[in-house]
Amino acid sequence: MKKSLLLNLDYITSVVSSAYQKSLYAQSKTALQSLLQHQGLGNDFLGWVTLPTEMKKQVQSIKRAARALAQKCDAIICIGIGGSYLGIRSTLEALHDEVKTQIYYAGHHLSAHYLNRLMQELKDRQVGLCVISKSGTTTEPALVFRILKSWLEKKHGKNQAKQRIVAITDRSQGALKSLADAEGYPTLVIPDDVGGRYSVLTPVGLFPIAAAGISIDALLQGAEDAALDVSRLNIENNLAAQYAIARFALYQKGKVIEVLANFRPDLHFISEWWKQLFGESEGKDQQGIFPASVDLTTDLHSMGQFLQEGSRNIFETMVWVQKESHDLLVPGDPSNRDGLNFLKGKKVSWINEQAMRATAFAHQQGGVPVIQLQLAEMTPYCLGYLYQFFEMACGISGRLFQINPFDQPGVEAYKKNMFALLGKPGFEQLAAQLKKKGI
Ligand code: PA5
């Protein structure tokens with residue numbers, strides 16, 4: 001059977017030899033075992049390890065709820081930020097050909113201009129709202145939900161609006177949970193032991209993805225198979241462990257920035273999801289690999305120079321999708337004024353592949369080690385496989401860095417300042433301190 005995912009480490013061995021990578025196997029094995037046995041730092045947030053199997057039990061009820069909302073609407077606005085936003089968008093953009101109900105996004109920033117435009121664009125549409133927040137207290141989605149709820153009530157009437165709102169949140173805590181209970185909105189639960197950035201395969205991702213018309217069964221099956229592969233394969237053949245080892249070894253050699261590169265624009269948000277996963281998980285105790293991303297070949301004409309010849313503290317991870325679902329052939333042109341007849345009859349996907357191969361070699365020669373990931377095709381199954389692979393790799397990596405990859409204490413600092421500046425009750429003292437400092 002064709003493998004869903006392949007990993008090629010040939011272009012990193014000039015910086016980290018195979019022997020050096022092997023020296024990290026024992027440590028990685030311990031790391032993997034601690035995840036599988038729900039041990040180690042942050043072990044109360046390891047629900048995602050077996051999540052695909054667990055969620056399969058809820059698939060029918062999620063699909064039913066999703067169908068019920070989708071039947072009433074031709075546009076659904078998902079309101080959420082971070083882990084309550086990125087996995088939905090990365091999935092729906094990557095699988096856009098299969099989307100039947102249009103999904104819009106809000107609550108992932110505070111731009112009034114954006115919100116105004118969204119409401120204007122959807123003024124004559126049958127709109128539904130899916131508000132998502134694990135904590136139920138995050139400012140951006142809470143504020144935007146208040147605004148869109150009031151807009152929806154004016155647009156469809158209070159009772160009708162109620163039928164078009166679904167909340168996805170904690171089982172018992174948070175302002176969103178109380179509000180949903182008070183208003184009688186249908187509610188789906190985010191498991192306690194799954195943090196935001198690991199939650200794409202909980203109702204957070206599954207509900208909107210199903211409402212958009214995409215097969216969540218296949219997504220979960222891919223993830224379940226990835227979880228199985230990671231749990232039973234020895235480190236040598238274990239893609240998630242191999243990827244985690246490669247990154248960690250490169251970091252130890254001074255490659256502190258990882259650039260995830262794709263070769264199709266619909267994967268842009270997979271990179272955004274991946275950045276949150278690795279950035280928020282690893283960036284602790286003044287260490288971690290800074291996750292960046294480029295969309296190629298587009299960014300070869302903006303970031304290409306830096307990647308080829310800039311500071312040599314970078315490594316690249318290229319994601320290539322082997323099978324193109326909608327290919328094109330280059331037409332002939334008798335005049336050949338553009339000089340491109342040498343490509344006549346060639347597939348555009350083949351040309352893109354040569355660009356990928358050329359870039360990987362050039363960057364490696366220029367001192368940027370390149371990890372190559374090949375996904376068989378862009379389907380719900382393969383995408384599910386990819387998500388679980390990255391999450392497992394991130395968990396192993398957290399263990400190698402000896403940090404807790406499941407918390408995010410650092411994101412509180414800006415929030416406290418913002419609450420003080422906004423005049424939130426309880427933040428008066430900090431507000432006075434900031435004022436003294438001229439902030
Ligand atoms: O990974 C995380 O936990 C965070 O990035 C959250 O996903 C993000 O802050 C949104 O939180 P919440 O779902 O509680 O609104």
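Note that the structure is predicted; figures quoted are calculated from it, not measured.

### Observations regarding the overall build of the chain
Logical step 1: Helix and strand content of the chain: 18 helices and 10 strands.
Logical step 2: Expected size for 439 residues packed as a compact globule is a radius of gyration near 22 Å; at 23 Å, the chain falls within 12% of this value.
Logical step 3: Looking at the chain as a whole, 50% of its 439 residues qualify as buried.
Logical step 4: Here the analysis covers contacts within the chain between residues at least 6 apart in sequence; of these, 78% occur between residues at least 24 apart.
Logical step 5: When the accessible area of the chain is evaluated, it comes to approximately 20100 Å², of which 53% is carbon and sulfur surface.

### Topic: a nonpolar patch on the surface
Logical step 1: A surface patch of nonpolar side chains, amounting to about 250 Å² of accessible area, comprises Leu110, Leu143 and Ile147.
Logical step 2: Among the structural elements, Leu143 can be located in helix 7 (residues 139-156).

### Digging into the site of the ligand
Logical step 1: The ligand sits among 13 residues. The nearest are Ser84, Ser133, Ser135, Thr138 and Gln276.
Logical step 2: Measuring from an oxygen atom of the ligand, one finds a backbone N or O atom of Gly83 at 2.8 Å.
Logical step 3: Ser133 is positioned such that a nitrogen or oxygen atom in its side chain is 2.6 Å from an oxygen atom of the ligand.
Logical step 4: In isolation the ligand has 390 Å² of accessible area, and contact with the protein removes 87% of it.
Logical step 5: At a threshold of 2 Å from the grid points, most atoms of the ligand map onto the largest pocket.
Logical step 6: Along the lines of polarity and charge, the residues of the shell around the ligand split into one nonpolar, nine polar and three charged.

### Notes on the domain arrangement of the chain
Logical step 1: Domain assignment breaks the chain into domain 1 (5-42 + 220-332 + 342-401) and domain 2 (47-217).
Logical step 2: Its C-alpha centre places domain 1 at a distance of 29 Å from the equivalent point of domain 2.
Logical step 3: Residue-level contacts link 32 residues of domain 1 with 31 residues of domain 2.
Logical step 4: Taking both partners together, domain 1 and domain 2 bury about 2700 Å²; carbon and sulfur atoms supply 61% of that area.
Logical step 5: On the domain 1 side of the contact with domain 2, Leu220, Phe269 and Glu391 bury the most area, a combined 28% of that side's loss.
Logical step 6: At the boundary of domain 1 and domain 2, one finds two salt bridges.
Logical step 7: Between Lys56 and Glu224 there is a salt bridge, with the nearest N and O atoms lying 2.5 Å from each other.

### A short note on the sheet that holds strand 4 (residues 127-133)
Logical step 1: Taking strand neighbours across the sheet as the criterion, the five strands line up as 3-2-4-5-6 in an open arrangement whose pairing is parallel. Whereas interior strands pair on both sides, the edge strands pair on one side only; in this sheet they are strand 3 (102-106) and strand 6 (187-189). On average, adjacent strands in this sheet sit at an angle of 20° to one another, irrespective of strand direction.
Logical step 2: Pairing geometry for strand 5 (residues 165-169) and strand 6, over three bridges, is parallel. Bridge assignment links Ala167 to a residue of strand 6, and that residue is Thr187.
Logical step 3: Helix 5 (residues 86-94) rests against strand 2 (75-79), strand 3 and strand 4 of the sheet, and its axis sits at about 145° to strand 3.

Calculation rules
Residues numbered from 1 in each chain as written. Predicted model: local features only at pLDDT ≥ 70, side-chain atom pairs only at ≥ 80, totals over all residues. Heavy atoms only, no water. Helix = DSSP H or I, 4+ residues; strand = E, 2+ residues; numbered from the N terminus. Rg over C-alpha atoms; globule rule 2.2 N^0.38 Å. Buried < 20%, exposed > 50% of the residue type's maximum accessible area, 1.4 Å probe, protein only. Contact = heavy atoms within 4.5 Å. Areas by Shrake-Rupley, 256 points an atom, 1.4 Å probe, with all protein chains shown as cover. Patch = residues over 30% accessible without salt bridge, like charges linked within 9 Å, V, L, I, M, F, W, Y side chains within 5 Å. Salt bridge = Lys/Arg side-chain N within 4 Å of Asp/Glu carboxyl O. Near = heavy atom within 4 Å. Polar contact = N/O pair within 3.5 Å; in protein donor to acceptor, adjacent residues only side chain to side chain. 1 Å grid on protein atoms, 1.4 Å probe; cavity = no way out; pocket = protein on both sides within 12 Å on 5 of 7 lines; lining within 4 Å. Sits in = over half its atoms within 2 Å of the grid points. Nonpolar A, V, L, I, M, F, W, Y, C, P; charged D, E, K, R; others polar. Domains from an automatic or database assignment. Buried area = accessible area lost by both parts, 1.4 Å probe. Pairing = 2+ DSSP bridges. Axes fitted to C-alpha atoms, helices over the stretch in contact; angles between N-to-C directions.

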